[in-house]
Amino acid sequence: MSTTLQQKRAELFRGLHDDFLVLPNAWDAGSARLAAEAGATAIATSSGAQSWSQGIADGRSLAKADVLANLERIVAATELPVSADIENAYADDADGLHATMAQFLATGIVGINLEDSGATRNGPLYGTEVAAGRITAARAAADDAGIDLFINARTDVFLLGVGDENGRLADVVARGNAYREAGACGLFVPGLLDLDALAVIARDTGLKINAMWLPGAPTPGQLREAGVSRYSAGTAIAQVAYTAAAETARAFLTGQDTAMAASIDYFAFNDKFAK
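Residues numbered from 1 in each chain as written. Predicted model: local features only at pLDDT ≥ 70, side-chain atom pairs only at ≥ 80, totals over all residues. Heavy atoms only, no water.

J.: Residue-level account of the overall build of the chain, with values.
T.: Looking only at helices and strands, the chain has 12 helices and eight strands in total. For 275 residues, the compact-globule estimate of 2.2 N^0.38 gives 19 Å, and the chain sits close to it at 19 Å. With respect to the principal axes defined by its C-alpha atoms, the chain has extents near 60 × 45 × 35 Å. The buried share among the 275 residues of the chain stands at 47%. Taking as baseline every contact in the chain between residues at least 6 positions apart, the subset at least 24 positions apart corresponds to 68%. Roughly 12600 Å² of accessible area belongs to the chain as shown, and the carbon and sulfur atoms make up 55% of that amount. Each charge class in the chain was averaged separately, 21 positive and 33 negative side chains, and the resulting centres sit 3 Å apart. (Helix = DSSP H or I, 4+ residues; strand = E, 2+ residues; numbered from the N terminus. Rg over C-alpha atoms; globule rule 2.2 N^0.38 Å. Buried < 20%, exposed > 50% of the residue type's maximum accessible area, 1.4 Å probe, protein only. Contact = heavy atoms within 4.5 Å. Areas by Shrake-Rupley, 256 points an atom, 1.4 Å probe, with all protein chains shown as cover. Lys, Arg positive; Asp, Glu negative; His and termini not counted. Charge placed at Lys NZ, Arg CZ, Asp CG, Glu CD.)

J.: Give a detailed account of the nonpolar core, specifying residues and quantitative values.
T.: As a rule of thumb, nonpolar side chains are buried together in soluble globular proteins. With 57 residues, the main nonpolar core has Ile43, Met101, Ile112 and Leu187 as its most contacted residues. If one sorts the elements of this core by residue count, helix 6 (residues 128–145) sits on top with seven residues. With residues near it in sequence (within four places) discarded, Ile43 still touches Leu23, Ala26, Ala32, Ala35, Ala36, Ile74, Thr78, Leu80, Pro81, Val82 and Ser83. Core analysis: the next-biggest nonpolar cluster, separate from the first, contains 11 residues, Leu16, Val110, Ile147 and Cys185 among them. (Core = buried A, V, L, I, M, F, W, Y, C linked by side-chain atoms within 4.5 Å.)

J.: If you had to explain the packing of helix 4 (residues 64–77) against helix 5 (residues 94–105) to someone new, which residues and values would you point to?
T.: Two elements in contact, helix 4 and helix 5, have axes separated by 9 Å at closest approach and are oriented at 30°. Residues Lys64, Val67, Leu68 and Leu71 of helix 4 pack against Thr100, Gln103 and Phe104 of helix 5. Considered class by class, the residues forming the contact of helix 4 with helix 5 number four nonpolar, two polar and one charged. (Axes fitted to C-alpha atoms, helices over the stretch in contact; angles between N-to-C directions. Nonpolar A, V, L, I, M, F, W, Y, C, P; charged D, E, K, R; others polar.)

J.: Report on unusual backbone geometry, specifying residues and quantitative values.
T.: Phi is positive for Arg60, which is not a glycine, with a value near 60°. With respect to the helices and strands, the residue Arg60 is situated in the loop between helix 3 (47–52) and helix 4. For Arg60, a relative accessible area of 18% gives the class buried. Positive phi values are uncommon outside glycine, yet Glu87 reaches one of about 55°. With respect to the helices and strands, Glu87 occurs in the loop between strand 3 (82–85) and helix 5. According to the relative accessible area criterion, Glu87 is buried, its value standing at 5%.

J.: Break down the side chain of Asp156 for me, citing the residues and quoting the values.
T.: By secondary structure assignment, the location of Asp156 is in the loop between strand 5 (150–154) and helix 7 (168–182). Asp156 gets classed as buried once you look at its relative accessible area, which sits at 2%. In this structure Asp156 touches Asp116, Ser117, Leu125, Gly161, Val162 and Pro190, once residues within four positions along its chain are discounted.

J.: So what's going on with the packing of aromatic side chains? Residues and values would help.
T.: The final tally for this structure, using the stated rule, is six aromatic pairs. Ring plane angle 70° and centroid distance 5.2 Å describe the contact between Phe269 and Phe273, whose orientation is recorded as edge-to-face. Judged by its relative accessible area of 33%, Phe269 falls in the partly exposed class. (Phe/Tyr/Trp six-rings, centres within 6.5 Å; stacked < 30°, edge-to-face > 60°.)

J.: Mind laying out the packing of helix 2 (residues 29–38) against helix 4, listing which residues take part and the relevant values?
T.: Close contact between helix 2 and helix 4 brings their axes to 8 Å; oriented N to C, the two are set at 30°. Judged by the angle between their axes, helix 2 and helix 4 are roughly parallel. The interaxial crossing formed by helix 2 with helix 4 has right-handed handedness. On the side of helix 2, the interface is formed by Ala29, Ala32 and Arg33, while helix 4 contributes Arg73, Ile74 and Ala77. (Parallel < 35°, antiparallel > 145°, perpendicular 65-115°, else oblique. Left-handed = near helix turned anticlockwise from the far one by under 90°.)

J.: Lay out the pairing of strand 3 with the relevant residues and their values.
T.: Burial along strand 3 is two-sided: the face carrying Val82 and Ala84 and the face carrying Ser83 and Asp85 are both buried. Both strand 2 (residues 43–44) and strand 3 contribute to a ladder of two bridges, which runs parallel. Directly across from Ile43, in strand 3, lies its bridge partner Val82. The parallel pair strand 3 and strand 4 (residues 111–115) is bridged by helix 5, and the resulting crossover is right-handed. (Pairing = 2+ DSSP bridges. Right-handed = clockwise from strand over helix to strand, strands pointing away.)

J.: I'd like a rundown of the environment of Leu68, residues and numbers included.
T.: Topologically, Leu68 is positioned in helix 4. Expressed as a C-alpha distance, the spacing of Leu68 and Asp196, which sit 128 residues apart in the sequence, is 38 Å. Residues in contact with Leu68, not counting those within four places in the same chain, are Gln103, Phe104 and Thr107.

In short, shape yes, function no, at least from these values alone.
Have a look at this one:
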């Protein structure tokens, strides 16, 4: 992909956050193409679903080379902007992150989710200053590539229950402000769906706030009213797809074919992937 086209998609993706961006996360080229056909205005990947599709557990277990190859296929499968969940970017120090970001940007993506969790799965968070330095490195790599990358800084304070419960909101706000100054555009706070808390974070950080669906989530309208700019599905759509696959396989093994008989015709489905 040319830098000019990638930059145009980056500008489009950034502008989508000025309204209320809904992202049905994809995990491979096929799911990305289907999400686009369904009406998505941009594609975001799910690291968990991407790992499952290759028989690997979530949590930085999938090799970086496999992630990069998958992202290249996703970007090639759609004309929409693609934002990638790159976990901790497969690097702990800022210099290493700058180098790996060049590889991720070369796939054609125009946005990233960058975690502030530590190097180990479910490990401690990077200190605020260290995490901000990593964002600075990612921004520098994007600047070097000539791409106005949308950096969605993910903080796992609520997801992992970090620190005293009464101090978590203040911690997220402090981190958000540090991340914004370092070059982040958005703030993703998985595990948090309290509307009042989300409104405080949006107000006090000035960042585009990303909420993720969980059972019992507020409506999109309520989230938007609270100041949320971006609403993503995480692994949920992949979970639905794999649940259907498991149930259909069990039915087929017992001689039942109702679900398969009711599915879309092979040729009609295959045409969805014809260029």
